[in-house]
Each structure stands twice: as structure tokens, then as C-alpha cells.
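These are the residues of each chain, in order.
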Amino acid sequence: MLTVSTALRAVFAGLCLLAAGLAAAPALAEDGYELWLRYRPATHARAVTELVAAAATPAQAAARAELLRGLAGMSGHRPPLSDTVTRTGAVIVGTAASSPVVARLRLDTADLGREGYLIRSVVVDGYAATIIAANEDIGALYGAFHFLRLLQTGQTLDDLDVLEAPKVQLRVLDHWDNLDRFVERGYAGASIWDWHKLPDWRDPRYTDYARANASVGINGAVLNNVNANALILAPMYLEKVAALADVFRPWGIRIYLSARFSAPIEIGGLQTADPLDPTVRRWWRDKADEIYRHVPDFGGFLVKANSEGQPGPQDYGRSHADGANMLAEALAAHGGVVMWRAFVYSNEQPDDRAKQAYSEFVPLDGKFRDNVLVQVKNGAIDFQPREPFHPLFGAMPRTPLMMEFQITKEYLGFATHLAYLGPLYEETLRADTRARGEGSTVAKVIDGSLHADNLPGGAPTGMAGVANIGADRNWSGSHFDQANWYAFGRLAWNPQLSSQAIAGDWVRMTFSNDSAFVRPVVDMMMASREAVVDYMTPLGLHHLMGRGHHYGPGPWIAGGPRADWTSVYYHRADEDGIGFDRSATGSDAVAQYALPVAQIFGDAERVPEKFLLWFHHLPWDHDTRSGRTLWHELVHRYTRGVDTVMRMRATWDGLKGHVDAERHAQVAAFLTIQHKEAHWWRDASIAYWQRINGLPLPPGETPPPRPLEYYESLEFPYAPGGG
Ligand code: GCV
């Protein structure tokens with residue numbers, strides 16, 4: 001018979017077994033939801049003994065809550081709150097207005113502006129402490145995140161002296177999210193905006209989204225696709241937008257909307273959207289007033305006009321400046337801006353697509369209102385794995401130009417290819433336009449310093465990234481794609497940062513501080529984008545992907561509705577050679593760059609080889625710098641790309657013990673997909689070029705395992721993200 005005591009003993013034994021089992025179990029599986037804000041135990045976090053932080057405003061409360069959460073996670077205990085410093089190891093956060101301690105220290109915060117902060121080791125009332133001080137609450141919040149990052153990345157709190165202020169004002173995520181929750185070029189599931197349940201259901205995920213953005217300094221979000229639905233401006237949606245704005249506000253994030261140029265017709269009942277028509281102008285002014293009644297800190301409009309079939313001012317014989325200025329006028333009274341995209345090209349226009357944005361926009365330089373930024377993609381075609389910097393950078397000295405990067409990997413293998421984009425962003429930002437002599441980098445165009453004397457004082461500056469965020473549990477569709485969101489934010493705050501250093505921070509915060517893990521993973525990330533360039537579009541080739549969905553290789557794509565949506569338009573391969581001649585003997589796109597750059601790009605002997613076939617059409621037996629012929633060099637690079645991915649797999653496999661099983665397994669599986677698809681890109685491309693040039697493979701190279709017809713026959717009607 002089972003007595004009470006034997007039953008108790010059995011229960012106790014069971015609990016012991018359970019405890020032993022738990023102790024022996026591997027670290028709890030992680031699904032990536034926490035991003036880089038995991039706050040796992042960190043060596044120096046225990047040095048924090050108390051927190052002096054007010055919570056009188058939502059932004060102050062956000063900073064305090066984040067510090068408590070982070071410190072509790074990293075040190076194992078929640079530090080006590082205090083109004084004054086009572087012990088060594090205190091952390092004080094705030095502004096002179098929010099914190100008597102900060103006010104008493106009389107810090108010099110003149111250089112911090114509205115969003116900057118300082119973090120300093122100080123002595124307060126005889127106690128060694130750390131102060132995080134700013135002029136405004138939002139600066140203190142950014143400082144709090146920076147302070148947590150120091151601990152997360154294993155740094156001590158000794159002798160701190162950090163001073164940070166953003167170099168770019170508008171640091172914005174562009175969501176290409178439709179109202180039906182489809183995300184154009186999105187590879188992370190449905191849109192996170194659950195429009196149907198808004199405004200009443202405010203998913204806690206919206207707060208986590210805002211936290212993550214604030215942690216890297218992102219301060220704006222365009223909620224809807226640039227291929228816009230006018231309904232977003234209708235009263236029903238404005239209520240939903242207002243609910244999101246309320247959630248984001250404490251985290252310093254302003255909302256922007258993509259405006260459809262024909263909205264006055266579609267939702268306003270007007271006959272025209274002509275920007276010079278007084279009724280249209282009135283309509284936009286009223287609409288702006290209405291939006292600001294819902295969202296008093298609304299940021300402004302993003303506009304794609306007269307591009308890829310979208311309506312715009314040219315439908316009425318007006319210019320881009322006419323269209324942008326009309327909207328800017330409507331927003332000006334409220335402090336809003338217009339981000340007018342320069343991504344325009346027309347199939348009817350016989351000129352090289354790469355030249356069209358420059359040709360249209362340079363004549364408009366100086367004709368935009370003060371609250372307009374022209375938003376320019378990093379390159380002149382479309383977010384390819386590699387493009388030379390857009391010739392508009394440096395060419396519009398009297399217009400604020402805003403960078404548009406793509407974070408989502410439309411052309412770099414979607415979510416399953418590991419491609420860290422930090423080096424791509426850095427390559428563009430550091431490119432020297434030579435517009436005002438040496439050192440006229442794209443970064444200086446973006447931060448406004450290059451043309452500060454031409455622009456009105458206080459001219460806006462900005463950087464946008466097309467978001468890679470969706471409803472997938474891990475936000476970005478893959479664990480490593482989170483790094484691209486992270487790197488975008490850090491570079492938008494400071495375009496001079498090194499992508500390698502950013503990768504290091506991200507790896508430490510997202511996975512582990514163990515240098516035996518950090519080093520190989522950072523190396524792998526730093527090589528990853530170059531690998532994609534190698535196996536997809538080596539030596540300056542571009543736009544060779546599958547039609548429409550942009551998945552997989554399609555160098556054979558020809559015909560169809562538009563020549564500039566085919567691959568043959570871009571590679572121009574024939575039996576004699578390959579590449580787009582954009583030199584003086586060809587489209588002369590090089591002439592759109594400042595002379596010293598044009599001379600280099602225009603000369604096949606001097607152009608950096610990474611851009612060789614972007615600017616030149618060359619014979620297959622052209623000698624490259626390695627001593628190989630062009631054909632052999634191309635094949636060499638395709639194979640090199642595949643081999644790099646193979647090594648990435650081996651590196652990751654070797655790191656199994658360093659990372660939780662769940663994330664390790666998914667990354668490993670995705671690398672396997674990437675390896676397979678890198679092979680596919682190589683093999684299909686080589687098979688296609690061989691059909692054109694009839695040349696044998698270089699010795700030692702493995703032939704494509706299938707005939708070209710096989711690769712050409714593949715179809716992917718349900719590939720994600722198709723536009
Ligand atoms: C939002 C490319 C993409 C489109 C995108 C467009 C743009 O063409 O394939 O999906 O449309 O760029 O940036 O406007």
C-alpha cells in the first residue's frame with residue numbers, strides 16, 4: 001500500500017530527477033524573437049548597484065524600464081531604484097529637467113542636440129557612478145541603449161567617456177507593406193501591421209518593434225508600400241495609424257506614410273490630381289491638417305511618382321518638383337517633410353536606364369522646397385548585389401539627398417542566403433564622388449556636410465532602409481538577416497562606422513561574447529556579401545535574376561513587356577563579348593560622374609574590376625588583372641562564390657556547441673539551401689554563357705550537371721515577395 005510518506009518520497013524523488021534533468025539540459029532553445037536585446041548574463045553588469053531614473057514621461061518610463069529589464073537579465077538581479085545616489089555603482093539617467101542629479105552636475109551638453117547623449121564615469125556625493133545624460137528624454141533613451149550595449153558586449157564601466165549625436169536626422173525604415181498584409185519583396189511572412197484589428201488591438205509586438213528600432217537609433221517608419229494604396233489616407237486608416245503612432249512615440253519613432261499621387265481622385269472625388277490645380281492643392285492641405293489631427297507628430301510623405309506605372313505629376317505635364325512642392329507646402333505648416341523618390345525610369349525612353357534618374361533630377365536641383373528630400377537608391381539600377389554609387393550623389397548640391405538602401409534581400413537570395421549587408425552599405429557610403437575634390441564621400445552628401453554652404457540652414461538629412469521585417473517569429477525571416485536591420489540603424493546614426501565593428505557588436509549581443517565564436521562568425525559575415533556577388537553577378541554583371549519574383553538565375557530572360565526588365569538588356573552578351581558599354585563609346589553613363597571618377601570608370605584598364613562589366617563591353621578573351629581571360633575569370637569567380645559558401649557551412653557546423661540548438665539548426669539548414677542555390681546560380685549562368693560564347697571551361701572546372709534547358713525550364717509561381 002502506498003503510504004503518504006512513500007508518496008511524498010516518490011514526489012520528492014521525481015522532483016530531484018526533474019531538477020537533475022533540467023540541470024543537464026542544454027540552454028533553452030531560442031527563436032530569435034528577442035533580436036539583439038537578449039540581455040543574457042554579462043560579466044560587468046553586477047557592477048551596477050542602483051538606478052537613479054525618473055519615469056515622469058512615457059519616454060523616461062521607457063528608458064527606465066529598458067534599463068531595469070537589461071540589468072536584471074544581465075546581472076541576475078533588478079537594481080533598486082533611488083532618487084539620489086546612495087552607493088558606489090549607481091547609474092543615473094536623465095536630463096537636467098528630469099533629474100536633479102543631472103542638473104547638479106552641470107554637464108556641457110551643447111554638442112548633443114536633441115537626440116545625442118553622453119555616458120560618463122563620475123563621482124556623485126562621494127560615490128563612483130555612471131551618468132547617462134542628454135538634453136531631451138529621447139537622447140537619454142538612446143544613451144540607455146548604448147549603456148546596455150556596453151555591458152552586452154563585455155565592456156567594463158571604468159573610465160567611461162562617450163559622447164554621441166546622430167549625424168543624420170531622419171533614420172527611417174520603409175515598409176513595403178500592403179494593406180492586405182502582403183509585403184512586397186518581403187521574405188519574413190506577412191506584414192506586422194494587423195490593420196484589421198487596429199486601432200483597438202495594439203499587439204505588444206509593436207512595442208518590441210519600437211524598442212528594437214530605438215536601440216539602434218531608428219527614428220521613423222513609413223508604414224506602407226511606395227506602390228501605395230490611397231486608402232491609407234482615408235479616415236478609417238488614419239485612426240489605425242494614430243494607434244501605432246501612440247505606441248511608437250515614447251521610443252522616438254515618428255510615422256510617415258507613402259502617399260499615392262492620385263489620391264485626390266481615388267478617395268477625394270476630384271477629377272484631377274494636377275499639382276498646379278488649386279482644388280488639388282486645397283485637398284492635400286486639408287488632408288495634411290486631418291492627418292496631423294490624428295498624429296500631431298506625423299513625419300510626412302514618401303512618394304514614388306511616375307515610376308513603374310505609378311501616377312505622378314508628369315501625368316499632367318508637370319515636373320517632379322511641382323509634385324513634391326505641392327505636398328511639401330501642405331506639410332510645411334506642421335513641420336512635415338516629403339521624401340520624393342528618384343527611382344524613375346521609363347521603357348519608352350531609349351536611353352540607358354542607369355542614366356535616367358540623373359537626367360530627370362539634376363535639372364531640378366535647387367527647385368525643391370526646403371522640406372523636400374530627394375530619396376536616391378544606393379545605385380542607379382536597383383539594389384543589385386553590387387552597384388557603383390548612384391551618380392546623383394554629389395550632383396545636386398542644392399538639394400538634400402537621402403539615401404535609400406534595401407535591407408530586405410530582394411536580389412541577394414531572399415531570407416535563406418546569409419549575406420551581411422554592412423559591407424555593401426559601407427562601400428557606398430565611403431565611395432568618393434569627387435564632387436568637391438578628394439574626400440567628397442557619399443556619406444558626406446547624406447549627412448549634409450559636403451554641400452552645407454549651398455543648402456539652407458537646418459536642411460533635413462536622411463537615410464532610409466527598405467525593411468526586412470515581417471510577422472515571422474524571428475522578425476526578418478532568418479537569424480542573420482536581423483544583422484542587416486541592425487547594421488542599417490547603426491550606419492544611419494553614424495555613416496562613418498565600420499561594418500566589421502557593427503557585426504562584432506551584433507554577434508556578441510545576438511549570440512555570444514565568446515571570442516572563439518565571435519571571430520569566425522564575424523569573418524563569415526564579412527565575406528558573405530562578396531560570395532553572393534561572386535556566385536550571382538561577378539565582375540559588375542547585374543540584373544540577371546528570374547523574371548518578376550527575382551528568385552534564382554535568369555540570364556536568358558528576354559522579351560516581355562519591357563526591355564529594361566530583361567537580363568539581356570543588361571549583360572549584352574554575344575559570341576564576341578559581354579558587358580554594358582557605359583563608357584564614352586557606349587551610353588556614356590560615366591559622364592554623369594565627376595570628371596576624375598568618370599575617367600576611371602570610363603577606362604577598362606583603370607576601372608575597379610568589381611565594376612568592369614557594369615561599364616564596359618569586353619571580348620571574352622580580354623585579359624583581367626589576375627592574368628586570366630575574362631571568361632576564365634568569370635568562371636573562377638562563380639566557383640569561388642560557391643566555395644566560400646561551402647566554407648561558411650563548415651565554419652558554422654564547427655560552432656555547434658556555442659549557440660542554442662534551435663538557432664544553430666536553422667542557420668545550418670539555410671546555409672545548406674544557400675550552398676545548393678549558389679551552385680544553381682553558378683551552373684545555370686555558366687551553361688548560358690557557354691551557349692553564347694561556345695567556349696570550353698577552364699581546366700579543372702566542373703561542368704554544369706544539367707543542360708541549359710533544364711535551368712531555363714524552372715518556374716516558381718509562388719516565390720515569396722513578388723511585386
Ligand atoms: C516597390 C524594384 C522592385 C519593386 C519596387 C521598386 C521600387 O523594381 O522590384 O518591387 O517596388 O523597385 O523601389 O519602387
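No experiment lies behind these values; they were computed from the predicted model shown.

## Considering the pattern of salt bridges
So, point 1. Taken as a whole and assessed by the stated rule, the structure comprises 48 salt bridges.
So, point 2. One salt bridge connects glutamate 427 with lysine 610, and the closest N-O pair in it is separated by 4.0 Å. Here lysine 610 lies in the loop between helix H17 (595–601) and helix H18 (612–615) and glutamate 427 lies in helix H11 (residues 422–430), a separation of 183 residues in the sequence.
So, point 3. Under the relative-accessibility criterion, glutamate 427 is labelled partly exposed at 22%.
So, point 4. Arginine 490 is paired through a salt bridge with aspartate 505; the nearest N and O atoms lie 3.0 Å apart.

## Looking at the sheet that holds strand E3 (residues 117–124)
So, point 1. One open sheet accounts for 5 strands, arranged E1-E2-E4-E3-E5; its pairing is mixed. A strand with exactly one partner marks an edge of an open sheet, and here the two such strands are strand E1 (50–53) and strand E5 (161–164). Adjacent strand axes in the sheet meet at a mean angle of 20°, parallel and antiparallel pairs treated alike.
So, point 2. Note that strand E2 (residues 90–95) and strand E4 (residues 127–134) share 6 bridges and pair parallel. Among the inter-strand pairings, valine 93 is bridged to a residue of E4, identified as isoleucine 132.

## Section: the side chain of asparagine 219
So, point 1. Position of asparagine 219 among the secondary structure elements: in the loop between helix H5 (204–215) and strand E7 (220–222).
So, point 2. Only 3.0 Å separates the side chain of asparagine 219 from the side chain of glutamate 115, close enough to count as a polar contact.
So, point 3. In terms of polar contacts, asparagine 219 uses its side chain to reach the backbone carbonyl oxygen of glutamine 169, at 2.9 Å.
So, point 4. Setting aside residues up to four positions removed in sequence, asparagine 219 forms contacts with Glu115, Tyr142, Gln169, Leu170, Arg171, Gly252, Ile253 and Arg254.

## Focus on the site of the ligand
So, point 1. As a structural note, the neighbourhood of the ligand is formed by 15 residues, with Glu184, Lys304, Arg341, Lys377 and Glu410 the closest of them.
So, point 2. In the environment of the ligand, an oxygen atom lies 3.2 Å from a nitrogen or oxygen atom belonging to the side chain of asparagine 227.
So, point 3. In this structure, arginine 341 approaches the ligand through a side-chain N or O atom, which is 2.7 Å from an oxygen atom.
So, point 4. In isolation the ligand offers 330 Å² of accessible surface; the protein chains occlude 96% of this area.
So, point 5. Each residue belonging to the shell around the ligand can be placed in one class, and the counts come to 4 nonpolar, 3 polar and 8 charged.

## A few points about the confidence of the model for the protein
So, point 1. Mean pLDDT over the protein: 95, with 96% of residues reaching 70 or higher.
So, point 2. Note on residues 1–27: pLDDT is under 50 here. Beyond four places in sequence and across chains, it has 1 contact.

## Re the nonpolar core
Grouped burial of nonpolar side chains is what soluble globular proteins tend to show.
So, point 1. In this structure, Phe248, Trp284 and Trp652 are the most contacted members of the largest nonpolar core, which totals 227 residues.
So, point 2. It is helix H20 (residues 661–693) that provides the largest number of residues to this core, a total of 12 residues.
So, point 3. When residues no more than four places from it in sequence are discounted, the contact partners of tryptophan 284 are Leu233, Ala259, Arg260, Phe261, Ala263, Pro264, Phe301, Met326, Leu327 and Ala330.
So, point 4. Ala90, Ile92, Leu112 and Ile131 belong to the second largest nonpolar core, which has 13 residues in total.

## Some remarks on the packing of helix H14 (residues 499–510) against helix H15 (residues 515–536)
So, point 1. The N-to-C vectors of H14 and H15 enclose an angle of 130°; their axes lie 9 Å apart at closest approach. By the angle class used here, H14 and H15 are oblique. Two packed elements cross with a definite hand, and for H14 against H15 that hand is right-handed. Contacts between H14 and H15 involve Ser499, Gln500, Ala503, Gly504, Trp506, Val507 and Arg508 from the first element and Phe517, Val518, Val521, Val522, Met525 and Met526 from the second.
So, point 2. Tallied by class, residues from the contact of H14 with H15 come to 9 nonpolar, 3 polar and 1 charged.

## Thoughts on the sheet that holds strand E11 (residues 372–377)
So, point 1. The strand order E6-E7-E8-E9-E10-E11-E12-E13 describes a closed barrel built from 8 strands, whose pairing is parallel. Within this sheet the neighbouring strands show an average axis-to-axis angle of 25°, counted without direction.
So, point 2. Across 3 bridges, strand E8 (residues 254–258) lies against strand E9 (residues 300–303) in parallel orientation. Its bridge partner being in E9, tyrosine 256 is matched across the sheet by glycine 300.
So, point 3. Sheet strands touched by helix H9 (residues 320–332): E9, strand E10 (337–341) and E11. Its angle to E10, the strand with the most contacts, is close to 160°.

## A few points about the packing of aromatic side chains
So, point 1. Scanning all chains against the criterion turns up 47 aromatic pairs.
So, point 2. With a centroid separation of 4.9 Å and 85° between ring planes, the pair formed by tryptophan 283 and tryptophan 284 is classed as edge-to-face. As far as burial versus exposure is concerned, tryptophan 283 and tryptophan 284 are alike and both buried.
So, point 3. A network of ring pairs unites the aromatic residues Tyr33, Trp36, Trp193, Tyr206, Tyr209, Phe248, Trp475, Trp485 and Tyr486 as a single cluster.

## Topic: the side chain of serine 476
So, point 1. For serine 476, the position within the fold is in the loop between strand E13 (462–466) and helix H13 (482–493).
So, point 2. Those residues within four positions of serine 476 in sequence are excluded, and the remaining contacts are Ala188, Ala415, Asn468, Asp481, Gln482 and Trp485.

## Points about the environment of glutamate 715
So, point 1. With respect to the secondary-structure elements, glutamate 715 resides in the segment after helix H21 (708–713).
So, point 2. Through-space distance from the C-alpha of glutamate 715 to that of valine 376 is 32 Å; in sequence the pair is 339 residues apart.

## Considerations on helix H10 (residues 353–361)
For an α-helix the count is 3.6 residues per turn, leaving residues at separations of three or four pointing the same way.
So, point 1. The buried fraction of H10 is high, at 7 of 9 residues.
So, point 2. One side-chain oxygen at the N-terminal end of H10 lies 2.9 Å from the backbone nitrogen of alanine 354; it belongs to aspartate 352.

## What about the packing of helix H8 (residues 278–294) against H9?
So, point 1. The N-to-C vectors of H8 and H9 enclose an angle of 40°; their axes lie 8 Å apart at closest approach. Classified by the angle between their axes, H8 and H9 sit oblique to one another. Read as a crossing pair, H8 and H9 show a hand that is right-handed. Taking contact as the criterion, the partners of Val280, Arg281, Trp284, Arg285, Ala288 and Tyr292 in H8 are, on H9, Met326, Leu327, Glu329, Ala330 and Leu331.
So, point 2. For the contact of H8 with H9, the residue count by class is 8 nonpolar, no polar and 3 charged.

## Things to note about the pairing of E10
So, point 1. Most of E10 is tucked away: 5 of the 5 residues are buried.
So, point 2. On E10, burial covers both faces: Val337, Met339 and Arg341 on one face and Val338 and Trp340 on the other are all buried.
So, point 3. Pairing geometry for E9 and E10, over 4 bridges, is parallel. Pairing of leucine 302 across the sheet is with methionine 339, part of E10.
So, point 4. A crossover links E9 with its parallel partner E10, the connecting element being H9, and its sense is right-handed.
So, point 5. Summarising the sheet, E10 and E11 pair through 4 bridges and their orientation is parallel. Of the residues in E11, the one forming a bridge with methionine 339 is leucine 373.
So, point 6. Read from E10 through H10 to E11, the crossover connection turns out right-handed.

## Quick look at H13
So, point 1. Under the 1.5 Å per step criterion, the end-to-end length of H13 is 17 Å for 12 residues, consistent within 8% with the ideal 16 Å.
So, point 2. Among the residues making up H13, those that are buried are Gln482, Ala483, Asn484, Trp485, Tyr486, Ala487, Phe488, Gly489, Arg490, Leu491, Ala492 and Trp493.

## So, unusual backbone geometry
So, point 1. A cis amide bond links leucine 198 to the next residue, proline 199, at an omega of 5°.
So, point 2. Inspection of the secondary structure puts proline 199 in the loop between strand E6 (170–174) and H5.
So, point 3. If you check the backbone angles, arginine 106 has positive phi at about 45° while not being a glycine.
So, point 4. One can find arginine 106 in the loop between helix H3 (100–105) and E3.
So, point 5. Non-glycine residue arginine 434 carries a positive phi angle of around 60°.
So, point 6. Checked against the element boundaries, arginine 434 lands in the loop between H11 and helix H12 (442–446).

What counts and what doesn't
- Residues numbered from 1 in each chain as written.
- Predicted model: local features only at pLDDT ≥ 70, side-chain atom pairs only at ≥ 80, totals over all residues.
- Heavy atoms only, no water.
- Salt bridge = Lys/Arg side-chain N within 4 Å of Asp/Glu carboxyl O.
- Helix = DSSP H or I, 4+ residues; strand = E, 2+ residues; numbered from the N terminus.
- Buried < 20%, exposed > 50% of the residue type's maximum accessible area, 1.4 Å probe, protein only.
- Pairing = 2+ DSSP bridges.
- Axes fitted to C-alpha atoms, helices over the stretch in contact; angles between N-to-C directions.
- Polar contact = N/O pair within 3.5 Å; in protein donor to acceptor, adjacent residues only side chain to side chain.
- Contact = heavy atoms within 4.5 Å.
- Near = heavy atom within 4 Å.
- Areas by Shrake-Rupley, 256 points an atom, 1.4 Å probe, with all protein chains shown as cover.
- Nonpolar A, V, L, I, M, F, W, Y, C, P; charged D, E, K, R; others polar.
- pLDDT = per-residue confidence, 0-100.
- Core = buried A, V, L, I, M, F, W, Y, C linked by side-chain atoms within 4.5 Å.
- Parallel < 35°, antiparallel > 145°, perpendicular 65-115°, else oblique.
- Left-handed = near helix turned anticlockwise from the far one by under 90°.
- Phe/Tyr/Trp six-rings, centres within 6.5 Å; stacked < 30°, edge-to-face > 60°.
- Right-handed = clockwise from strand over helix to strand, strands pointing away.
- Expected span 1.5 Å × (residues − 1).

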